[in-house]
Amino acid sequence: MFEEFFRGKRVLITGHTGFKGSWLSTLLTLAGAEVTGFALPPQGKNNLFALAGIEPKIRSVYGDIRDFSALKRTFDAAKPELVFHLAAQPIVRESYRDPVGTYQTNVMGTVHILECARQAGCVRSFLNVTTDKVYENRGWSWGYREMDRLNGFDPYSNSKSCSELVTDSYRNSFFADGTVAISTARAGNVIGGGDFSPDRIIPDCVRAVQAGKAISIRSPKSVRPYQHVLDPLYAYLLIAKRQYEDGGLAGSYNVGPESCGCLTTEELVNLFCRFWGEGAHWEPVDQSGPHEDAVLKLECSKISAVLGWSPKWTPDRAVEETVRWYQAWQSGRDVPAFMEAQIKEFLES
């Protein structure tokens, strides 16, 4: 389905050098799209963008989403029909250390990409990828719905709430005629092979077992909607395609596991240890630090009812496939070939 639609389409991805951006770039190149990426250079010795061998397959431009002139030059050269906006400062704890930079990237970056779309006149489908943390968290044991109040607590979450509001304002102010279909996707906590980011639970697990140390867990009882990276990416492609074909489907969509699929941090790490095998174990550590919500769930019936999307992999399968990726990488396997095989398994699920 996606190959037929995306083949030959001009697509722009912001944040293409990141974890989700690298997987999305891989999916779109496999589908035959003409991909342009705009992002900061990949960070660290280990990064998925380099490991997946993406750069020769796309037009990759290194730049800062806060630099409107550089972004607009890239946008005008690419003349994209579809835009996936993933560029962000995505780490909660980093947002406490650098709130100004977080707001500049996540809010003004959204303004910049939407302004490029407004001026260009070539875009048909625009998707802003935000987060499950955009909602005002009231500690509910049930999932938040798309009409619930947006008011994230910490600077990262709040900046993404602002990004949602900016998108809605541009939609109403400049694209009310339906010339550009604009949606936001509020995805849950994403895991998968190739994430080497600091201060994220699965990368921290991998680093610990490689160093022969216990995995440190701050909040074992915290509940989050964990899902394999391919599940939300499939949803992003579906939203972009369907609203391109029917602008009336544009809107905001939660993208996450079923409520019963949400896990505590302890449950997630226990699964990781089980699938990793010998040497993997964890221990609790001091929980002092910035505020973190104890419970966060998403109610995803809208995207299921409107677009027919539902997660393909259970949380157990998501963790198992994540471990398989890291162990394949660690053993020197061909990463691009392994990723293609994993994508095929996912699509055939």
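Residues numbered from 1 in each chain as written. Predicted model: local features only at pLDDT ≥ 70, side-chain atom pairs only at ≥ 80, totals over all residues. Heavy atoms only, no water.

A.B. asks: I'd love a proper account of the overall build of the chain, names of residues and values included.
C.D. replies: The number of helices and strands found in the chain is 13 helices and 13 strands. In terms of overall dimensions, the chain is globule-like: its C-alpha atoms have a radius of gyration of 19 Å, near the 20 Å expected for 349 residues. Projecting the C-alpha coordinates of the chain onto the three principal axes gives extents of approximately 55 × 45 × 40 Å. For the chain, restricting intrachain contacts to residue pairs at least 6 apart in sequence, the fraction spanning at least 24 positions comes to 81%. Looking at the chain as shown, the accessible area adds up to about 14,400 Å², and 49% of this sits on carbon and sulfur atoms. Across the chain, the mean location of the 38 positive side-chain charges is 3 Å away from that of the 41 negative side-chain charges. (Helix = DSSP H or I, 4+ residues; strand = E, 2+ residues; numbered from the N terminus. Rg over C-alpha atoms; globule rule 2.2 N^0.38 Å. Contact = heavy atoms within 4.5 Å. Areas by Shrake-Rupley, 256 points an atom, 1.4 Å probe, with all protein chains shown as cover. Lys, Arg positive; Asp, Glu negative; His and termini not counted. Charge placed at Lys NZ, Arg CZ, Asp CG, Glu CD.)

A.B. asks: Kindly report on the sheet that holds strand β5 (residues 125-129), identifying the contributing residues and their values.
C.D. replies: Pairing in this open sheet of seven strands is parallel, and the strands run β3-β2-β1-β4-β5-β6-β11 from one edge to the other. Either end of the sheet is taken by a strand with one partner, and the two such strands are β3 (59-62) and β11 (252-255). Direction aside, neighbouring strands of the sheet carry axes that sit 15° apart on average. Bridge count between strand β1 (residues 10-14) and strand β2 (residues 34-39): five bridges; the pairing is parallel. In the sheet register, valine 11 faces β2, and the bridge partner there is valine 35. (Pairing = 2+ DSSP bridges. Axes fitted to C-alpha atoms, helices over the stretch in contact; angles between N-to-C directions.)

A.B. asks: Explain helix α2 (residues 19-30) residue by residue, including any values.
C.D. replies: Between its terminal C-alpha atoms α2 stretches 17 Å, which fits the 16 Å expected from 12 residues at 1.5 Å a residue. Of all 12 residues in α2, 10 are buried; the element is thus mostly enclosed. All of the buried residues in α2 are Phe19, Lys20, Gly21, Ser22, Trp23, Leu24, Ser25, Thr26, Leu27 and Leu28. Count one or two residues on from α2 and you reach glycine 32, which has phi positive near 90°. (Expected span 1.5 Å × (residues − 1). Buried < 20%, exposed > 50% of the residue type's maximum accessible area, 1.4 Å probe, protein only.)

A.B. asks: Give me unusual backbone geometry: which residues, what numbers.
C.D. replies: Of note, lysine 79 is a non-glycine position whose phi angle comes to about 45°, a positive value. Along the chain, lysine 79 turns up in the loop between α4 (68-78) and β4 (82-85). Positive phi outside glycine occurs at aspartate 199, with the angle close to 60°. Structurally, aspartate 199 can be placed in the loop between β7 (189-191) and α8 (201-210).

A.B. asks: Can you tell me about the packing of α4 against helix α6 (residues 99-120), naming the residues and giving the values?
C.D. replies: Look at α4 against α6: their axes get within 10 Å of each other, and the N-to-C directions meet at 45°. Here α6 runs oblique to α4, going by the angle between their axes. As α4 packs across α6, the resulting crossing turns out to be right-handed. Counted together, Phe68, Leu71, Lys72 and Phe75 of α4 and His112, Ile113, Glu115, Cys116, Ala117, Gln119 and Ala120 of α6 form the full contact between these two elements. The residue makeup of the contact of α4 with α6, split by class, is seven nonpolar, two polar and two charged. (Parallel < 35°, antiparallel > 145°, perpendicular 65-115°, else oblique. Left-handed = near helix turned anticlockwise from the far one by under 90°. Nonpolar A, V, L, I, M, F, W, Y, C, P; charged D, E, K, R; others polar.)

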